[in-house]
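Below, each chain spelled out in residue letters.
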Amino acid sequence: MSEFLQHLINMLVLGGTYALLGIGLTLIFGIMNVVNFTHGVLYTFGAYIMFIVVQQLGLNFFLALPVAVLAGWLLGAAIELTLLRPLRGSDIDTTMLVMIGAWIAMQSGALWIWGGVAKSVATPFPEAPLVLGPVSVSWLRLFVLAAAAMLILVTYLLINRTSLGRAMRATFQDHDTASLMGVNVDMIYTSTFAIGSSLAAAAGALLGPVYVIFPQMGDLAAVKAFAIVILGGLGNITGAVIGGFILALAEELGAGYVSSGYRDAMGFLIIIAVLIFRPTGLFARAERVG
Amino acid sequence: MTARSVAMTIDQVAVLFGGLVAISDMSFTVGEGEIVSLIGPNGAGKTTAFNVMTGFLTPSAGRVTYQGRTLTGLKPHQIADLGLIRTFQRTSVFPNDTVYDNILIGLHRRGRVRLLDAILGLPGARASERRLRQRASELLEWVGLERRAQDAAGSLSYGEQRLVGVALALAAEPSMLLLDEPVSGMNASETHRFVELIRSIRDRGITILLVEHDMPMVMTVSDRIVVLNYGRIIAEGTPDLIRNDPAVIEAYLGHGVGHA
Amino acid sequence: MRAIITILAVAALASVPLWLRDPYLLNALITTGIFVIGAMSLNLLLGFTGQLSLGHIAFFGIGAYVSALTSLGFDIGLPGGFRLVHAPWPPIIGLMLAILVAGLCGYFVGLLSFRVRGAYFVIVTISFAEVVRLVALNWVELTQGPLALTNIPSIALPLPGFGELTLRTKMQNYYLVLAVALIAYLLIARLVHSHFGRAMRGLMENETLAVSVGIDVTRTLTIAAVISAAIAGAAGSLYAHYIRIIDPEVFAFINTVTMVIMVISGGKGSLAGPVVGGLIFGLLPVALRPVMAPEAQWIAYGGVLIAILFVLPRGIVPSLAQRFSRRRSKATALASVTLAETAAKEPA
Amino acid sequence: MLEIRDMVCGYGGVTALRGISLDVKAGQLVALIGANGAGKSTALRAISGLVPPRSGQMKFEGIDITGAKPPRVLASGIAHCPEGRRVFPHMSVEENLDMGAYLRRGSGEIAADRDRIYAEFPRLAERRRQAAGTLSGGEQQMLAIGRALMSRPRLILFDEPSLGLAPNIVERTFAIIRGIRDAGTTVLLVEQNAFAALEMCDHAYLLENGRIVLSGAGPELIENEHVRKAYLGG
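The notes below deal with the structure included here. Quantities reported herein were computed from a predicted structural model and do not represent experimental measurements.

Rules behind the numbers
Residues numbered from 1 in each chain as written. Chains lettered and ligands numbered in written order. Predicted model: local features only at pLDDT ≥ 70, side-chain atom pairs only at ≥ 80, totals over all residues. Heavy atoms only, no water. Helix = DSSP H or I, 4+ residues; strand = E, 2+ residues; numbered from the N terminus. Rg over C-alpha atoms; globule rule 2.2 N^0.38 Å. Buried < 20%, exposed > 50% of the residue type's maximum accessible area, 1.4 Å probe, protein only. Contact = heavy atoms within 4.5 Å. Lys, Arg positive; Asp, Glu negative; His and termini not counted. Charge placed at Lys NZ, Arg CZ, Asp CG, Glu CD. Salt bridge = Lys/Arg side-chain N within 4 Å of Asp/Glu carboxyl O. Buried area = accessible area lost by both parts, 1.4 Å probe. Polar contact = N/O pair within 3.5 Å; in protein donor to acceptor, adjacent residues only side chain to side chain. Axes fitted to C-alpha atoms, helices over the stretch in contact; angles between N-to-C directions. Parallel < 35°, antiparallel > 145°, perpendicular 65-115°, else oblique. Left-handed = near helix turned anticlockwise from the far one by under 90°. Nonpolar A, V, L, I, M, F, W, Y, C, P; charged D, E, K, R; others polar. Patch = residues over 30% accessible without salt bridge, like charges linked within 9 Å, V, L, I, M, F, W, Y side chains within 5 Å. Areas by Shrake-Rupley, 256 points an atom, 1.4 Å probe, with all protein chains shown as cover. Pairing = 2+ DSSP bridges. Core = buried A, V, L, I, M, F, W, Y, C linked by side-chain atoms within 4.5 Å. Expected span 1.5 Å × (residues − 1). Bend = angle between axes of the 7 residues up to and from the residue.

1. Describing the overall build of chain C
And step 1. In terms of regular secondary structure, chain C is built from 15 helices and 4 strands.
And step 2. In terms of overall dimensions, chain C is globule-like: its C-alpha atoms have a radius of gyration of 21 Å, near the 20 Å expected for 348 residues.
And step 3. Dimensions of chain C, computed from C-alpha atoms along their principal axes, come out at roughly 65 × 55 × 45 Å.
And step 4. Here chain C, with 348 residues, has 55% of them falling under the buried criterion.
And step 5. The long-range fraction of contacts in chain C, counting pairs at least 24 apart against all pairs at least 6 apart in sequence, stands at 75%.
And step 6. In chain C, 22 side chains carry a positive charge and 13 a negative one; their mean positions are 13 Å apart.

Shown next, in the form of C-alpha cells:
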C-alpha cells in the first residue's frame, strides 16, 4: 500500500511537467495544424538554459526558470517566422517534414555545442526529502510540481480570460472569420508557437535538474508529449492536463509493477491503444481549445 | 405512380447531428428507370439524404433499401457494388490524372483481376486492361469529352469537370445514379446538353435521382419531384403538380420561379 | 525512351564493381543500395497512397532480426516453463521468413492504423517502431538487447548441381543487392501501373470519390502496406547478413528519417525518385566525412531536408522530368493549382 | 464611399474577377447579383482583404485600401458578414459579440453596444452564455449580424444572408438589413435570391463570369429582359 502511495506521489510530480509539455504541443496543433517535432528540442533547450544560467553563469536557480521561459519563447518565435510562416497554406505533411528537419539540425547543434556528456544542475534545495508517513518526496520535486501548476494556471487564464486568448480560440475555430474580426492571424500563429515553445522549455528547465541534461533528452519528452496530446484529444488543453497525469500514472505503475525497462514504452502503447480504440482522444470534445 | 417496380425505398429515415435535425422522418420511393428530383432550400437535407443512401452517413433512424436489400451497415464501396453510384456537388474528379485515367479509375469495379496476375502481367490481366481501355474510350465519347482525354482533369472548366464526374460514375456501371447538383456552374448550353445526357442515361435503363437548384432544368427532366424543407417532405408529385403547390411556392419556389 | 534510360542506368550500376576497386566506396554503395530498397518500399506508401509512414524502419528492423535469428538459432523460455529452441537454418530461408514476417506485420499495422489518417497515422507509425525497438532492447534472451546479435552468417545462394555459393566478397554482395533492388523496382512498377495502382492513386487524390466508384479503402491500402513492408523486410535481411551484426539501434527514428529524405528529395510518387534521392543521400555522408564533423553532418542533413522542401517540394526526378516534357507538366501544374484553389475556396 | 476600379482577382490559375468597377454611395443599399460561381463572394472577399487583388484599385472614403489585410480594412470602417454565418461555434454568444469589437478599446462603450444588440435581438440576450454552435440557423444569422455591427462599421458587406434559411427568417433578415441601411449604415449585399435583392436595393450590379454586365436601380433591373430570363425565371 505504501508503495502504491509512493507511486501516486511520483505520478503527481511527473504529471505536472508532462501536462506542461502536452499543453504546448496541443496548442500548436490545435491552432496551427502543425505537428511540432521540434517540441522535444525546445524541452532540451530549456534544460540547457537552466544549466548555463545556474552552472556556467553562477546565477540564482529561481531566476533561471523565467530566463528559460523567455528563451523558449524567442526560439519558438524564430522557428515560426523563418520556417512556418513561408509555408502557410502548405499541407500538414510538408510542415511536419520541415519540423523534422529542424529537429535533426537543432538536436545535432546541441550535441555540437554542449557535447554528448550529461550535465547536472545544482539546486538550492536540501538533500533530505520531505517524509510524510509512509511516503517521501524531495523538495526539488515539490518545487517542480508547484512551478508547473502555476504555469498551467497562467496558460489557462491567458487562453480563457484575455483578449489574446479569445483571438487564439477564434482563430482555431475559423481563421478566415477571425481575420474578418480584425485578428492579425499571422501574429496569433507566431504567438501560439512561441507560447507552446516556452512551455516546452519550462518543462525542460524544471525536469533538467531532477534528472541529467543531454542533447537527446528531448526525444522521449516529445514522444510523451504526443502521447499526452493524443490521450487528451488534439487541441484540448484540459485534456492535455488530464492526459499528462494519466501518462505519469501509467509510467509509474508500468515501471513499478511490470519492468522498469518498459517505463518509456508506456507512452507509445498508450498512443497505439488510444488511436485504435478511441481515435478522437479520451475526452469526447476533441476539437477545441480552451 | 405508374406500375413500375420500386428500385429504392427510403423508409422513415431521420438524421440528427448532435441536437440538430438534418432529416426527420423521410419516406419516399424511386421506381426502376424513373427520373426523380429532390429539391428544397439549402440546408433542407438533400445532400444529407444522398449521404445516407450511399453509406457515407448512418441514419439515426429508419432505413434505405435498394432492390430489396437493406443498405444499413454497408460501407460506401459495398453500396457501390450494388450498382448505386453517386456524383458529388463540388469538384468530383481526380484532379492530377488525365480525363482518360480518371475514367480508368472509375472502371475499378469492372477491372478487378487477381493481384498476382496484375504484377506478373499474365494474359488474363492484360486482356482485362485492353477491355478497360476500350470501355474508357466509349464512355468518353458518350459524354462528349473525347477531345479532352489527355488533359489533366483538374485543368478543365467546372462544367467539363461535372461531365467527367458523371462519366466516372457511369464507368462504375450504375443501375441507379444519384446526381448532386450536376448543372451548377454550367452555362445554358452546357445545361441543355446535360439534360440530353441524363435522358440518354435513363434510356439505357439506369434509374436517376437528382438534387438540383436549377428549376427549369428540374421541371423539364423529372418524372417526379420530391420537395424537402427543414428535413421534411412537404410535397411530392409530377412537375405540374409541384409547380402549382401553394406550400412549395411559399417555402421554396417563391416569386414566379416555378413558372419556367 | 524511358526503357532506354532504365537499361542504361542498370548497365552502369552493374559495371561499377568492375572498375571501382576501393572497398570502402563499394561498401558504401552496398549499404546505400540496401537503404534505396527501403526507400523504394516507403515510396510505395508515401508516394502512391499518400500515407506518410514514419515508422517504416520497423519493418526493415523486423526483417533484419527475423533473418538473423533464423540463421543463428535461439533458445528462449516461454511462460509456463516451456522452452522454444530453434536450430540455425540457412540464411536464404531467413530472407524468405523476413519477407513473410515483415509483410505480416505490415498487414496488422495497416489494418489497425489506416483507421486513422493524417497526423494520427504518422504518430501511430512512429510509436509502432519505437515499441518494437524497446522490445528488441529489453527481450535480452532473444535479441541479446544492447549487446547485439553478432556473427550473423553471410547469405548463401543454393546453386542446383554445384552446392551453394556463399556471398563473402563485396562484389558478390553488391550484385545481390542490385538484383534484389531490381526485383523490387519492377514489382513496384508493375503494381502502380496496374489496376491496383490506379485504385491507390484514386484514393490519394480524392478518397470520397474513389470510394463512391467502389474502391475498397482498407483492402487497397492494406495491400500496399503488406507489399511495402515485405520489401522493407527483404532489405533488412540483406542488411543483417551483410553487416553481420545488428542491435536495437537499427530501429532508430533517424533511420526512417533517412529513408524519408531519400524519397522526398528524389521525388515521391515517382518510381526513379527514391533511387536517385537514395544514391545522393546514401553517398553524401561518405563524401562529407573527411570534411565535416559528424554533428555538423547531421546539422547539414536537417538543413538539406528543409531546403529541399522549400526549393524542390516535388523532388529532383519530377522536376527534371518537367524540363523534358513541358506540355504534360503544364497540365499537372495547372491541375495542382486548381486543387489548391478548391482547397482555398471550400471552407473546412 | 467605396470605389472599385478594374479589380482583377483569382485563386491560383483561375481568375474569378476579370476587372470589375463599382461604386457604393454613402447611405445606400447596393446589391450584387449573379449566378453561382460568377464571382460575387470573391468580390466581397477581395474588398475585405481575404483575397489579395491581382490588379486594380479600391478606395474607401477616399483612402486607398488596395491590398490591405482584413484587420486594416475593418479598422477603416468596413465589416464583412460572411457567407454561411460563420459564428465561432465553441464560443458563447457574448464572446462572439465581443470578437466583433476585437479592434475597439473602451469596455464601457463596447458593453453599451452589446446591450443595444441584445435589445434588438432578445433571443440572443436569452442565450448569451450558450455556445453559438448550438443556436438555430436564424439565431446564428442574428448573431453574425450583431457581431458585424459591434465594430461600428460605416459599410457592411453581407454575403448571401438568406442562404439556407427558412423563408420567414429570410424575410426577417432582409428587414433587418433594410433597417441597418435606414439607420445610416451603408450596405453592400451579395444575394442569390435576385428578386428580393433587387426589390430592396437602391442600386444593383449584375455579375456574370467575373465581369459586371449590367447596373442600375433595382426596379430597372427587374424590368430588364436579360435579368428576367436568366435570374427571375421568366
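What follows picks up the thread again.
2. Re the overall build of chain B
And step 1. Looking only at helices and strands, chain B has 10 helices and 10 strands in total.
And step 2. In terms of overall dimensions, chain B is globule-like: its C-alpha atoms have a radius of gyration of 19 Å, near the 18 Å expected for 260 residues.
And step 3. Based on the C-alpha atoms only, the size of chain B along its principal axes is roughly 65 × 40 × 40 Å.
And step 4. The 260 residues of chain B split such that 57% are buried.
And step 5. Distance between charge centroids for chain B: 6 Å, based on 26 positive and 27 negative side chains.

3. What to know about the pattern of salt bridges
And step 1. By the definition in use, this model includes 42 salt bridges over all chains.
And step 2. The partner of D:E95 in a salt bridge is A:R169, and the shortest N-O contact between them spans 2.6 Å. Residue D:E95 is located in helix 3 (residues 93-100), and its partner A:R169 is located in helix 6 (residues 163-173); the two belong to separate chains.
And step 3. Looking at A:R169, the relative accessible area reads 4%, which means it is buried.
And step 4. With a closest N to O distance of 2.6 Å, D:R123 and D:E139 form a salt bridge. Placement of the pair is D:R123 in helix 5 (residues 122-126) and D:E139 in helix 6 (residues 137-149), with a sequence separation of 16 residues.
And step 5. Residue classification places D:R123 among the partly exposed positions, given a relative accessible area of 44%.
And step 6. D:E139 gets classed as buried once you look at its relative accessible area, which sits at 8%.
And step 7. Here the residues in one salt-bridge network are A:R166, D:E94, D:D98, D:R114 and D:R128, joined through shared partners.

4. A closer look at unusual backbone geometry
And step 1. In this structure, C:N151 is a non-glycine residue whose phi angle is positive, near 55°.
And step 2. Position of C:N151 among the secondary structure elements: in the loop between helix 6 (140-143) and strand 3 (156-159).
And step 3. For C:N151, a relative accessible area of 61% puts it in the exposed group.
And step 4. Phi is positive for D:E61, which is not a glycine, with a value near 50°.
And step 5. Position of D:E61 relative to the elements: it lies in the loop between strand 4 (55-60) and strand 5 (63-64).

5. Notes on the interface of chain C and chain B
And step 1. In this assembly, 35 residues from chain C lie in contact with 41 residues from chain B.
And step 2. Of the roughly 3,300 Å² buried at the junction of chain C and chain B (both faces included), carbon and sulfur atoms supply 64%.
And step 3. At the junction of chain C with chain B, the criterion picks out 3 salt bridges.
And step 4. A salt bridge links B:E129 to C:R198, with the nearest nitrogen and oxygen atoms 2.9 Å apart.
And step 5. Taken together, the links from chain C to chain B amount to 6 residue pairs in polar contact (both at pLDDT 80 or more).
And step 6. Looking at the side of chain C that touches chain B, the elements that each hand over two or more residues are helix 7 (170-193), helix 8 (195-205), helix 9 (207-212), helix 10 (217-243) and helix 15 (326-345) of chain C.
And step 7. Ranked by the residues each element gives to the side of chain C that touches chain B, the list is headed by helix 15 of chain C, at 10 residues.

6. Some words on the packing of helix 2 (residues 39-56) of chain A against helix 3 (residues 61-84) of chain A
The angle between the axes and the distance between the axes are what describe a pair of packed helices.
Residues and elements named next belong to chain A.
And step 1. At a minimum axis distance of 8 Å, the contact between helix 2 and helix 3 shows a crossing angle of 140°. The orientation of helix 2 with respect to helix 3, classified from their angle, is oblique. For the pair helix 2 and helix 3, the sense of crossing is right-handed. Each of L42, F45, G46, I49, M50, V53 and V54 in helix 2 lies in contact with helix 3, whose residues at this interface are F61, A64, L65, V67, A68, A71, G72, L75, G76 and I79.
And step 2. The residue makeup of the contact of helix 2 with helix 3, split by class, is 14 nonpolar, 3 polar and no charged.

7. Digging into a nonpolar patch on the surface
Residue and element names in this part refer to chain C.
And step 1. A surface patch of nonpolar side chains, about 460 Å² in accessible area, is lined by L104, Y107, F108, L111 and L112.
And step 2. The topology assignment puts L111 in helix 4 (residues 91-113).
And step 3. Given a relative accessible area of 33%, L111 falls into the partly exposed group.

8. Some words on the arrangement of the chains
And step 1. Taken together, the 5 pairs of chains in contact show their highest number of contacts between chains B and C.
And step 2. Between chain A and chain B there is no contact, and the shortest C-alpha to C-alpha distance separating them is 12 Å.

9. Overview of the sheet that holds strand 7 (residues 155-159) of chain D
Residue and element names in this part refer to chain D.
And step 1. Taken in spatial order, the 6 strands make up an open sheet running 6-7-8-3-9-10, and their pairing is mixed. Only two strands of the sheet have a single partner each, and these edge strands are strand 6 (78-81) and strand 10 (211-216). Looking at each pair of strands side by side, their axes are set apart by 20° on average, direction ignored.
And step 2. Of the strand pairs in this sheet, strand 9 (residues 203-208) and strand 10 are connected by 5 bridges, and their pairing is antiparallel. Looking at strand 10, one finds that Y205 is bridged to S215.
And step 3. In the packing of helix 6 onto the sheet, the strands contacted are strand 6 and strand 7, and the crossing angle to strand 6 comes to about 170°.

10. Digging into the environment of A:D219
Residues and elements named next belong to chain A.
And step 1. Take D219: it is sitting in helix 9 (residues 217-232).
And step 2. For the pair D219 and I246, spaced 27 residues apart in the sequence, the C-alpha separation amounts to 20 Å.
And step 3. D219 has contacts with W103 and Q107, leaving out every residue within four places of it along the chain.

11. A look at the sheet that holds strand 10 (residues 232-237) of chain B
Residues and elements named next belong to chain B.
And step 1. Pairing in this open sheet of 6 strands is mixed, and the strands run 6-7-8-3-9-10 from one edge to the other. Of all strands in the sheet, those bounded by a partner on one side alone are strand 6 (84-86) and strand 10. Each strand axis lies, on average, 15° off the axis of its neighbour in the sheet, ignoring direction.
And step 2. Taken together, the 4 bridges between strand 3 (residues 35-39) and strand 9 (residues 224-229) define a ladder with parallel strand orientation. Looking at strand 9, one finds that I39 is bridged to V227.
And step 3. With respect to the sheet, helix 1 (residues 46-53) is in contact with strand 3, strand 6, strand 7 (176-180), strand 8 (207-211) and strand 9, its orientation differing from that of strand 7 by roughly 150°.

12. Thoughts on the packing of helix 3 of chain D against helix 6 of chain D
All names here are of chain D.
And step 1. The N-to-C vectors of helix 3 and helix 6 enclose an angle of 35°; their axes lie 7 Å apart at closest approach. Of the two elements, helix 3 crosses helix 6, and the hand of that crossing is right-handed. The residues of helix 6 that touch helix 3, namely those facing V93, N96, L97 and G100, are L143, G146 and R147.
And step 2. Across the contact of helix 3 with helix 6, the residue classes tally to 3 nonpolar, 3 polar and 1 charged.

13. Overview of the nonpolar core
And step 1. With 289 residues, the main nonpolar core has A:F37, A:I100, B:F194 and C:I37 as its most contacted residues.
And step 2. Per-element tally for this core: the top contributor is helix 10 of chain C, with 15 residues.
And step 3. Excluding residues within four positions of it along the chain, C:I37 makes contact with C:V177, C:V180, C:A181, C:A184, C:I231, C:A235 and C:L238.
And step 4. In this structure, D:L29, D:Y118, D:L198 and D:V227 belong to the second largest nonpolar core, which totals 44 residues.

14. Observations concerning the interface of chain A and chain D
And step 1. Tallying the contact residues gives 18 residues for chain A and 20 residues for chain D.
And step 2. Interface area lost by chain A to chain D is led by A:R166, A:L180 and A:M181, which between them contribute 37%.
And step 3. Inspection of the chain A/chain D interface yields 4 salt bridges.
And step 4. Between A:R166 and D:D98 there is a salt bridge whose closest N-O contact spans 3.9 Å.
And step 5. Our count for the contact surface shared by chain A and chain D stands at 4 residue pairs in polar contact (both at pLDDT 80 or more).

15. Concerning helix 1 (residues 2-32) of chain A
Residues and elements named next belong to chain A.
And step 1. The first and last C-alpha atoms of helix 1 sit 44 Å apart over 31 residues, in line with the 45 Å expected at 1.5 Å per residue.
And step 2. A maximum bend of about 25° is found in helix 1 at G15.
And step 3. Burial runs high along helix 1: 23 of the 31 residues are buried.
And step 4. Of the residues trailing helix 1, N33 is marked for its positive phi of about 55°.

All we've got here are geometric facts, nothing functional implied.
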